[in-house]
Amino acid sequence: MRSLYISLTSEFYKSRKTLAFWAAIILPILICGLIMVGFYSGSEKILKANYPGLALWGQYSGAALGVMGMLILPFYVMFMAFSVNNIEHKNDTWKTLFAQPLNKFSIYAAKYLYAVMLLLICLVLFLLLTLASGYLLQVLVPKYTFNDYNPALLLTKFYSKLFLASLGILSVQFVLSLLWSDFLKPMGLGFVGTIAGIITANVGWKHAYLIPYSDPTLALRVTRVKGAALEDFPIFTQEIWVSLTYAAVLFVAGYFILSKKNIK
Amino acid sequence: MSNFAIETVGLTYNFGNQTVVKDLSLQVPQGSIYGFLGPNGAGKTTTIKILLNLLQSPADQVFIFGKEINSNRIASLKRMGALVEQPAIYTHLTGKENLINRCMLLGIKKTKAAEMLSLVGLTEAANKKAGKYSLGMKQRLGIALALISDPELLLLDEPTNGLDPNGIIEIRNLMIDLTTKHGKTILVSSHLLAEIERTATHVGIINKGALLFQGTISELQSLSKPLVKIETNNQAAAGNILATAGAEIVQQDENTVAVTFKGKEDMGNLNTLLVQNGITVYSISKERKDLENLFLDITSKN
């Protein structure tokens, strides 16, 4: 455990000046900021639609969630998984890392965990910024109906699903970036995967959930059970389990790939 | 067994079906500077990687301070510092940050970073990105990283690579300092004998994965028998005269005859013998094969 903690602190220290780390913070700020500006400057048009609180929140948060689930999130995950591993590939530091008096598995696990944490930071920021900017808009444009509904639980559940559904992609990309030190292979495969994911999810192929790249999109589709409250949808649905299974299997596989890879 | 900082017993290592290290029995005494010599591709780096457990060795073949490495990996690594191949540094971090990062991994005080920077003369470049360092500076930072945990055993893979003469002398003095004043043990690899013959107390010569020589520097020197080189106006006749007189001719070409050196008197006698037989002796001198040639001899025989 000490090894894991030490390695994790070191991961944060090493990458605090890299784009992968800052993107986790800048991306939510940028996207939420843009949506907020759009809702502020276009408030007259939006007010004409006379949305009740819930629908307004739906419109507002959906703008971020929609793009996120389909495009930005997979691409961020690809880039981040690449960057976390590339820091060692580029500097040829894998061997030094594994020559430290630390448990080998902890060093690897810390790297993986660090990638998961970056994703978590990114999504938590999205959640918080969506909520905060929504209420800020209410102050700036008093005619908005954001105060009529509290979306905290709903959004938390959505973002939790998104996070869990992305772990599959993260693990695939993590292992690909571990295998290859160059940018193009993991990126190319990830790109193809993402496109395939979007297509299969949108045409409603019944086995789409087996492709990790379609899981985020699928996870955000919630069918409302009649009579139940809106917030009452399950988090652990089929595609979430698939994503978690991918994550677990590839996490273990990655360690074996890495220990083999060092033999050079 | 525990008198050795490093001991390998019949170590054999394969990459696929290619044997990279065969039956290697290194014995590095504590407190020594062990020069690990061999041409490029002889298996030096592979051996160092095995000593760091980066490559898994067969059980009971590698011992660090008397302890089997595979079952004592972390304990062994705690006592070692290493510089393998090119220094592995994070180019987007400054020199100081590289050292601080290592401090974090080793769980030691961060103040040690500044101490190390001044030791290797990088204090002024502390806040410069390591990617912008010159080759020599990178090498020094690599050495600082290896030394930061104050390890008892240092493994340095070609540490003077890319350093200027001043830098080479500094590293040399540093190595001597570390062993004599601080009781460290250093294994330093090189493909140049001249580079380490001044500092090393012990030498191991490896070629094609096999250890060809192991011993102290003076043992290595005694391997080379001194010769008497004779230059005359008639080489063929001189050769015949010397041979009939019972001298051992080692080599003979158009310009010189070389015979085994048996003593100063013997050398005088040879001279007299030649002169009495009507041969003009231009020069007669005792020569010791230098270590560089010896090294070439040892490695090319195999």
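Keep in mind that this is a model prediction, so the values were computed, not measured.

Undergrad: Just checking my understanding: could you explain the overall build of chain B for this structure?
TA: For chain B, the count of helices and strands is 11 helices and 16 strands. At 24 Å, chain B has a C-alpha radius of gyration far larger than the 19 Å of a compact globule built from 302 residues. Dimensions along the principal axes, computed over C-alpha positions, put chain B at roughly 80 × 45 × 35 Å. For chain B, the proportion of its 302 residues judged to be buried stands at 42%. By sequence separation, contacts in chain B at least 24 residues apart represent 65% of the contacts at least 6 residues apart.

Undergrad: Hey, could you run me through the nonpolar core in this one?
TA: Taken as a class, soluble globular proteins show a tendency for nonpolar side chains to be buried jointly. Counting 144 residues, the largest nonpolar core has Ala 115 and Leu 162 of chain A together with Ala 144 and Leu 155 of chain B as its most contacted members. Counting 11 residues, the second largest nonpolar core, distinct from the first, contains Leu 227, Ile 230, Ala 238 and Val 257 of chain B.

Undergrad: How do you make sense of the confidence of the model for chain A when you look at a structure like this?
TA: Reading predicted coordinates in detail is not appropriate for stretches of low pLDDT. Per-chain confidence: chain A averages 87 in pLDDT, with 95% of residues scoring 70 or above. Ranking the elements of chain A by mean pLDDT puts helix 9 (residues 215-219) of chain A last with 84 and helix 6 (residues 104-140) of chain A first with 93.

Undergrad: Got a minute to help me understand the packing of helix 7 (residues 152-179) of chain A against helix 8 (residues 184-203) of chain A in this structure?
TA: A pair of packed helices can be characterised by two numbers: the angle between their axes and the separation between those axes. Residues and elements named next belong to chain A. Taken N-terminus to C-terminus, the directions of helix 7 and helix 8 make an angle of 155°; their axes are 8 Å apart at the nearest point. Considering their axes alone, helix 7 and helix 8 lie roughly antiparallel with respect to each other. The interaxial crossing formed by helix 7 with helix 8 has right-handed handedness. In this structure, helix 7 contributes Gln 173, Leu 176 and Ser 177 to the contact, and helix 8 contributes Lys 185, Pro 186, Leu 189 and Gly 190.

Undergrad: When you look at the sheet that holds strand 16 (residues 281-287) of chain B in this model, what are you seeing that I'm missing?
TA: Paired through their backbone hydrogen bonds, the strands of a sheet run either parallel or antiparallel. Residue and element names in this part refer to chain B. The strand order across the open sheet formed by 4 strands is 14-15-13-16, and the pairing between neighbours is antiparallel. What marks the edges here is a single partner per strand, and that holds for strand 14 (249-252) and strand 16. Adjacent strand axes in the sheet meet at a mean angle of 20° when their direction is disregarded. Sheet topology places strand 14 next to strand 15 (residues 256-260); 3 bridges connect them, and they run antiparallel. Considered in strand 15, the bridge of Gln 252 is made with Val 257. Contacting strand 13 (227-232) and strand 16, helix 10 (residues 264-276) runs over the sheet at an angle of about 160° to strand 16.

Undergrad: Explain the sheet that holds strand 1 (residues 4-8) of chain B to me, please; I cannot follow it from the model alone.
TA: Residues and elements named next belong to chain B. The 4 strands are arranged 4-1-6-7 in an open sheet whose pairing can be described as antiparallel. In this open sheet, the two edge strands, each paired with only one partner strand, are strand 4 (27-29) and strand 7 (67-68). Sheet analysis places strand 1 next to strand 4, joined by 3 bridges and oriented antiparallel. Counted as the bridge partner of Phe 4 is Pro 29 from strand 4.

Undergrad: What should I look at first to understand the pairing of strand 16 of chain B in this one?
TA: Both faces of the sheet carry side chains from a regular strand, because those side chains alternate between them. Residues and elements named next belong to chain B. The element strand 16 is largely exposed, with a buried count of 0 among its 7 residues. Bridge analysis of strand 13 against strand 16 gives 6 bridges, and the strand direction is antiparallel. Note that in strand 16 the partner of Thr 232 across the bridge is Val 281.

Undergrad: I'm lost on the packing of helix 1 (residues 2-15) of chain A against helix 6 of chain A in this one. Help?
TA: Residues and elements named next belong to chain A. Look at helix 1 against helix 6: their axes get within 8 Å of each other, and the N-to-C directions meet at 50°. Relative to helix 6, the element helix 1 is oriented oblique. Considering the relative orientation of helix 1 and helix 6, their crossing is right-handed. From helix 1, Ser 3, Leu 4, Ser 7, Leu 8 and Glu 11 reach across to helix 6, where they touch Ser 106, Ile 107, Ala 109, Ala 110, Lys 111, Leu 113 and Tyr 114. Residue composition of the contact of helix 1 with helix 6, grouped by class: 7 nonpolar, 3 polar and 2 charged.

Undergrad: Would you mind going over the interface of chain B and chain A with me for this structure?
TA: Often, the extent of an interface is quoted as the loss of accessible area on bringing the components together. With 20 residues of chain B in contact, the opposing surface of chain A contributes 20 residues. At the level of secondary structure, the elements contributing two or more residues to the side of chain B that touches chain A comprise helix 2 (73-78) and helix 3 (95-106) of chain B. Of the residues contributing to the side of chain B that touches chain A, the split by class is 14 nonpolar, 5 polar and 1 charged.

Analysis parameters
- Residues numbered from 1 in each chain as written.
- Chains lettered and ligands numbered in written order.
- Predicted model: local features only at pLDDT ≥ 70, side-chain atom pairs only at ≥ 80, totals over all residues.
- Helix = DSSP H or I, 4+ residues; strand = E, 2+ residues; numbered from the N terminus.
- Rg over C-alpha atoms; globule rule 2.2 N^0.38 Å.
- Buried ≥ 20, exposed ≤ 12 C-beta atoms within 10 Å, placed from the backbone.
- Contact = placed C-beta atoms within 7 Å.
- Core = buried A, V, L, I, M, F, W, Y, C linked by C-beta atoms within 7 Å.
- pLDDT = per-residue confidence, 0-100.
- Axes fitted to C-alpha atoms, helices over the stretch in contact; angles between N-to-C directions.
- Parallel < 35°, antiparallel > 145°, perpendicular 65-115°, else oblique.
- Left-handed = near helix turned anticlockwise from the far one by under 90°.
- Pairing = 2+ DSSP bridges.
- Nonpolar A, V, L, I, M, F, W, Y, C, P; charged D, E, K, R; others polar.

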